[in-house]
Amino acid sequence: MTKEQVIKIFKEKFNNENPEVYTSPGRVNLIGEHTDYNGSFVFPGAIDKGMIAAIRFNGTDKIRAYAIDLDESSEFGLIEEDAPNEGWAKYLFGVCREIIKRGGTVKAFDTVFAGDVPLGAGMSSSAALESTYAFALNDLLNLGIDKFELARIGQSTEHNYVGVKCGIMDQFASIFGKEGHLIRLDTKSMEYEYFPFNPKGYKLVLLDTLVKHELASSAYNARRASCENTAATISKLHPEVKFLRDASMDMLNEVKDQISEEDYMRSKYVIEETQRVIDVSNALQQGDYETVGQKMYETHHGMSKLYDVSCEELDFLNDIAKEHGVTGSRVMGGGFGGCTINLVKDELYDSFIADAKKQFKEKYGHEPKVYDVVISDGARKL
């Protein structure tokens, strides 16, 4: 949806007033999955799909919000007892509350918003929504909140108002995105580095299974608890280990008989994934996309067999990619459905996409959706 279309809808809803317009992107993550809450590295990039919102302060004590795509409205205040019932409105309310908790003054506003980040596809529509409003309110109210804290406001919204104990990656990518660059973020130190991403001769494409086993907060949070349990067990022998990122396979094997088999497998995946991100960083600096692709396949295997967050449909698409000689393919995002991210040579692209659609439809009754990825800028005023 364009800026002009959003403004038109805003004026229809709210007495023909002129709003300000802001946008934030969704994200892809080349590699480094389920590592952010383990203090390790991630490698995201902002994409050319996101959320767009029109906002104007209304001089009342109530926020009036309209979700264009859902054709739903919500009205709520700014104190804790005013939490809205609508799931989508909890994101807006949470951002406002998290700003207030940090000492910021939030004024009530009218807003409409829309997005083209596919819901449930692992591209972080929720982070795009949080980042849009955190960035907009900071800008409009001159709050002086730095970009790191804007990302944390989105993360805290997930924790405290949505119930998902997510890491910082999604919100960070949405705020810090830079056109033509991926970002390697160290989630422990919050140091980050931009890596140019322009794989000549390759395309980056997402295949969406349209399976939406929601990022069930219980399943996600259980995996986080597994990792934290292992890190705590290791730290009794190695006090320097605060997160799994600090541990080695030798350390993990030392405590193998003190943790469950499930905790062991999940922790093994995280330790190996940390090394894969470093390997991909080095490969990108050398323009070695074949190594990048090999590491993507290794990540998929780990997420499917060790971390247990893939599903039959994602594994099926990954197998088709292998059969077609696709350079790299893996489940992207939290898992439990959603997309595979694929690094495909230009000359293989058409046959791979056509065959993936055909075989998937024959097996599951519908084609996967195809999203070509363009790496874009982060949160901004339009």
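We now turn to the structure provided with this report. (Residues numbered from 1 in each chain as written. Predicted model: local features only at pLDDT ≥ 70, side-chain atom pairs only at ≥ 80, totals over all residues. Heavy atoms only, no water.)

### Structural notes on unusual backbone geometry
A negative phi angle is the norm for most residues apart from glycine, just as the trans form is the norm for most peptide bonds. As a reminder of what qualifies: Numbered from the N terminus, helices here are DSSP runs of H or I no shorter than four residues, and strands are runs of E no shorter than two. Partly exposed residues are those whose accessible area sits between 20% and 50% of the maximum for their type, while under 20% is buried and over 50% is exposed, using a 1.4 Å probe and protein chains only.
With phi around 50 degrees, N142 is a residue other than glycine that occupies positive phi space. Here N142 is to be found in the loop between α3 (125-140) and α4 (147-162). Phi is positive for D308, which is not a glycine, with a value near 60 degrees. Counting through the fold element by element, D308 comes out in the loop between α9 (289-306) and α10 (312-323). For D308, a relative accessible area of 46% corresponds to the partly exposed category.

### A word on the pairing of strand β4 (residues 63-67)
Inclusion rule: Two strands qualify as a pair provided that DSSP identifies no fewer than 2 bridges between them.
In terms of residue burial, β4 counts as a mostly covered element, since four of its five residues are buried. The pairing of β4 with strand β5 (residues 72-76) spans five bridges and is classified as antiparallel. Counterpart to Y66 in the pairing with β5 is S73. Turn length for the β4-β5 hairpin, with the two strands adjacent in sequence and antiparallel, is four residues, and the turn residue D71 shows positive phi of about 55 degrees. Alignment of β4 against strand β6 (residues 109-115), held across four bridges, turns out to be parallel. Across the sheet, residue Y66 finds its bridge partner in β6, namely V112.

### Structural notes on the nonpolar core
The nonpolar side chains of a soluble globular protein tend to be buried with one another. We apply this condition: We call a set of buried Ala, Val, Leu, Ile, Met, Phe, Trp, Tyr and Cys residues a nonpolar core when their side-chain atoms join them within 4.5 Å. Note on definitions: a residue-residue contact is assigned when non-hydrogen atoms from the two residues lie within 4.5 Å.
By size, the foremost hydrophobic cluster in this structure holds 45 residues, and its most contacted members are L92, F113, Y133 and L137. Going through the elements one at a time, β3 (44-57), β4, α2 (87-101), β6, α3, α4, α5 (169-176) and β7 (181-186) are the ones with two or more residues in this core. Looking at this core, the element that brings in the most residues is α2, giving eight residues. For F113, the contacting residues outside a window of four places in its chain are M51, I52, A53, Y66, A67, I68, D69, W88, L92, L129 and Y133.

### Some points on the sheet that holds strand β13 (residues 380-381)
Just so we agree on the cut-off: For helices, the axis comes from a line fit to the C-alpha atoms of the stretch in contact; other axes are also lines fit to C-alpha atoms, and the angle between any two N-to-C directions lies between 0 and 180 degrees.
The strand order across the open sheet formed by six strands is β5-β4-β6-β3-β1-β13, and the pairing between neighbours is mixed. Only two strands of the sheet have a single neighbouring strand rather than two, namely β5 and β13. Sitting on the sheet, α5 touches β1 (20-29) and β3, and the angle it makes with β1 is about 125 degrees.

### Quick look at α5
α5 sits mainly inside the fold: eight of its eight residues count as buried. Residues of α5 that are buried include every one of M169, D170, Q171, F172, A173, S174, I175 and F176, and no others.

Take it as geometry only, folks, not as evidence of what the structure does.
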